[in-house]
Amino acid sequence: MKRKIILILSWVCVLTLAGNAAVAKEPATRITVAKDGSGDFTSIEKAILSCKSFPYERITIFIKNGVYHEKVIIPSWNTKISLIGQNKDSTIISFDDYFGRINKGGNSTFYTATLLVQANDFHAQNLTIENSAGPVGQAVALDVQGDRCSFVNCKILGNQDTIYAAGENARQYFKDCYITGTTDFIFGEATALFEDCTIVCKANSYITAASTNKNTKYGFVFRGCTIKALPNVTKVFLGRPWRKYANVVYLQCNLGGFIASQGWQNWNKTDNYKTVFYAEYHNEGAGAQPSARVAWSKQLTNKEAKQYSLTHILSGDDNWDPITN
């Protein structure tokens, strides 16, 4: 009898220790990635794989300086992840996939992203995200499909198709970011606000190629941005419609003299002017020429411009505020 009691107590101890071990292994909410091995992981992707799915609390992944040559995916179940770099110039996520290398047919572009965000409530700050393939055709640096995603003080670098702002009814916020590209380098169907960003055009081409859905009130909105270009660039259009309901507005931006006086292009489809919404409000700089713009674009009135606040554009039914959330 005594032996049985001892055996039972032994099993109770084992089960208790196992339970405590399970508690101890609860996924962390603060993770450090470092190339030199001084953190929890040396790879960003491995850090993400360790994260709890659908967490109640935000998970912050701090990334120490270094060049991380990897494709990073934030799956839909990895919500509430923040990637925080040590320094935006020295914490670099880089890869070099491009349309021709992927070779998956006409949709190869969508497989090229260096950083793919499928989850909601993602946040990135103090990072460089780049596609380093060079001027070889479509090569996405950032593909963001989630809702309530924000990017603050980031450098997003590429050539053609740098940022794919995607996701039906998705809302995205870019603040104090530095973005480079050649052709259609901000494209997609999301509602995206670019605030106080610097946008650098690297070729004579088009900045945006929106594919806004028909019943979406806001597409791409640029507010207080500075639009620059490399010295050899002489003619850049503010946008052309990837799909016929493209919706793009520039408000109080500084436009360089390389911006085409017409402002907008119809992608050589003459009926697009009937369905697109292209507008400006109180832009300045040599490229701001409202009287020379195509007749089917619009200059907003003061009353109309008031509808382009952060709250109007992004709050939605859930009152999302990317600054406080």
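Residues numbered from 1 in each chain as written. Predicted model: local features only at pLDDT ≥ 70, side-chain atom pairs only at ≥ 80, totals over all residues. Heavy atoms only, no water.

*Asks:* Please clarify how the pattern of salt bridges should be interpreted in this entry.
*Replies:* Any two side chains of opposite charge can pair, given that their charged atoms come close. Tallied over the entire structure, the rule returns 15 salt bridges. The salt bridge partner of D89 is K155, with a shortest N-O separation of 3.1 Å. On the criterion of sequence distance, the pair formed by D89 in the loop between β5 (81-85) and β6 (91-95) and K155 in strand β12 (residues 155-157) is long-range, its members being 66 residues apart. Among the charged side chains, a network of salt bridges with common partners joins D121, D147, R148, R171 and D318. (Salt bridge = Lys/Arg side-chain N within 4 Å of Asp/Glu carboxyl O. Helix = DSSP H or I, 4+ residues; strand = E, 2+ residues; numbered from the N terminus.)

*Asks:* Before we go on, may I ask you to explain the nonpolar core in this structure?
*Replies:* One broad rule of soluble globular proteins: the nonpolar side chains tend to lie buried together. Of all hydrophobic cores here, the largest spans 63 residues; its most connected members are I61, F174 and I207. When near neighbours in sequence (up to four residues on either side) are disregarded, I61 contacts I31, V33, A47, I48, C51, I81, S82, L83 and I84. In terms of nonpolar packing, the next biggest core, distinct from the first, is built from 15 residues, L193, V249, A279 and W320 among them. (Core = buried A, V, L, I, M, F, W, Y, C linked by side-chain atoms within 4.5 Å. Buried < 20%, exposed > 50% of the residue type's maximum accessible area, 1.4 Å probe, protein only. Contact = heavy atoms within 4.5 Å.)

*Asks:* Hey, could you run me through the state of the cysteines in this one?
*Replies:* Should the sulfur atoms of two cysteines be covalently bonded, the bond is a disulfide. Under the definition given, this model contains zero disulfides. The cysteine C177 is free of any disulfide, with C197 supplying the nearest cysteine sulfur at 4.7 Å. Residue C177 is classed as buried on the basis of its relative accessible area of 2%. No disulfide involves C201; its sulfur sits 12 Å from that of C225, the nearest cysteine. (Disulfide = S-S within 2.5 Å.)

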